[in-house]
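# Breakdown of the fold
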Amino acid sequence: MDAADRITLTGVRAVGFHGVYPDEKRDGQEFVVDAVLNLSLRRAAETDDVVDTVHYGELAERLVAVVEGEPVDLIETLAQRLADEVLTDRRVETVTITVHKPKAPITVPFGDVSVTITRGRP
């Protein structure tokens, strides 16, 4: 693998119904996802063909589908589901997912709360 190769997709927004509190599951809120995929991009660079890389438009749609999907309590669980989805593409060696919850029910002023995980193949 070309260790330094990566695709970075940031700021993917979707409404999900995740959270510990009943109103979060009832009303939903916006989540923001960042994904960094580590994979060799050598073949794509050589062929100049989108089929030889991860299509980031399709990737964004897959991430949104997970966020809009089955509700979970924790953004840690959501991040794991997103990582699992990315890793269904066998070309991806590792992925780092950050899930931001900018409207989290925190009682003091804050800018953002997020969880970041990195997952790879066993």
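See the structure above.
Right, let's walk through the structure included here. Per chain, residue numbering runs from 1 following the sequence as it is written. Residue-level local features of this predicted model are given only where pLDDT is at least 70; pairs of side-chain atoms are given and counted only at 80 or more, and the full residue set underlies all totals for whole chains, interfaces and linings. The side-chain quantities take in all heavy atoms of the structure and omit both hydrogens and water.

### Brief notes about a nonpolar patch on the surface
Where we set the bar: In this scheme, patches are assembled from residues that exceed 30% relative accessible area and form no salt bridge. Like charges are connected within 9 Å, while nonpolar side chains (Val, Leu, Ile, Met, Phe, Trp, Tyr) are connected within 5 Å. To measure how exposed things are, a 1.4 Å probe is used in the Shrake-Rupley method; for residues, cover is taken only from the protein chains shown. Salt bridge criterion: a side-chain nitrogen from Lys or Arg within 4 Å of a carboxyl oxygen from Asp or Glu. By definition, any uninterrupted DSSP run of H or I lasting at least four residues is a helix, any uninterrupted run of E lasting at least two residues is a strand, and each is numbered from the N terminus.
Together, Val-20, Tyr-21 and Leu-74 make up an exposed nonpolar region whose accessible area comes to about 290 Å². Here Leu-74 lies in the loop between α3 (56-67) and α4 (75-86).

### A short note on the pattern of salt bridges
By the definition in use, this model includes seven salt bridges. Note that Arg-13 is salt-bridged to Glu-30, the shortest N-O span being 3.2 Å. Of this pair, Arg-13 sits in strand β1 (residues 6-16) while Glu-30 is found in strand β2 (residues 29-38), placing the two residues 17 residues apart along the sequence. Across the pair Arg-62 and Glu-85 runs a salt bridge whose closest N-O atoms are separated by 2.8 Å.

### Remarks on α3
Spelled out, the test is: For a helix, the expected span equals 1.5 Å multiplied by the residue count minus one. Three exposure classes are used, based on accessible area relative to the maximum for each residue type with a 1.4 Å probe and protein chains only: buried under 20%, partly exposed in between, and exposed over 50%. To be clear, the arc concerns the directions from the helix axis to the C-beta atoms. By the convention used here, residues are in contact when the closest approach between their heavy atoms is within 4.5 Å.
For α3, with twelve residues, the first-to-last C-alpha span of 16 Å sits near the 16 Å given by 1.5 Å per residue. Of the positions making up α3, those classed as buried are Leu-59, Ala-60, Leu-63, Val-64, Val-66 and Val-67. Down the axis of α3, the buried side of the element spans an arc of 160°, and every buried residue falls inside it. Contacts from the buried residues of α3 go to β1, β2 and α4.

### Let's talk about the nonpolar core
Test applied: By nonpolar core we mean a set of buried residues, namely Ala, Val, Leu, Ile, Met, Phe, Trp, Tyr and Cys, connected to one another through side-chain atoms within 4.5 Å.
In terms of nonpolar packing, the biggest core is built from 30 residues, with Leu-37, Leu-63, Leu-82, Val-86, Val-95, Ile-97 and Val-99 touching the most fellow members. At the level of secondary structure, the elements contributing two or more residues to this core comprise β1, β2, α3, α4, β3 (94-100) and β4 (114-120). Not counting chain neighbours up to four residues away, the residues in contact with Leu-82 comprise Val-33, Leu-63, Val-66, Val-67, Ile-97 and Val-99.

### Let's talk about the sheet that holds β2
Pairing between the strands of a sheet comes from backbone hydrogen bonds, and it takes one of two forms, parallel or antiparallel. Using the following cut-off: Each pair of strands is called paired provided DSSP finds at least two bridges between the two strands. Geometry is summarised by axes, namely lines fitted to C-alpha atoms with helices restricted to the contacting stretch, and by angles between N-to-C directions that run from 0 to 180 degrees.
Read across the open sheet, the four strands follow the order β1-β2-β3-β4; overall the sheet is antiparallel. Since the sheet does not close on itself, it has two edges, and those belong to β1 and β4, each with one partner. The mean angle between the axes of side-by-side strands here comes to 15°, regardless of whether they run parallel or antiparallel. Here nine bridges tie β1 to β2, and the two strands are oriented antiparallel to one another. Pairing of Arg-13 across the sheet is with Val-32, part of β2. Sheet strands in contact with α3 are β1 and β2, and its direction is about 35° off that of β1. Against the sheet, α4 touches β2, β3 and β4, its axis set at about 145° to β3.

### Side note on the side chain of Asp-89
Structurally, Asp-89 is set in the loop between α4 and β3. Taking the relative accessible area as the measure of exposure, Asp-89 reaches 14% and is therefore buried. Beyond its immediate stretch of four places on either side in the chain, Asp-89 contacts Val-54 and Arg-121.

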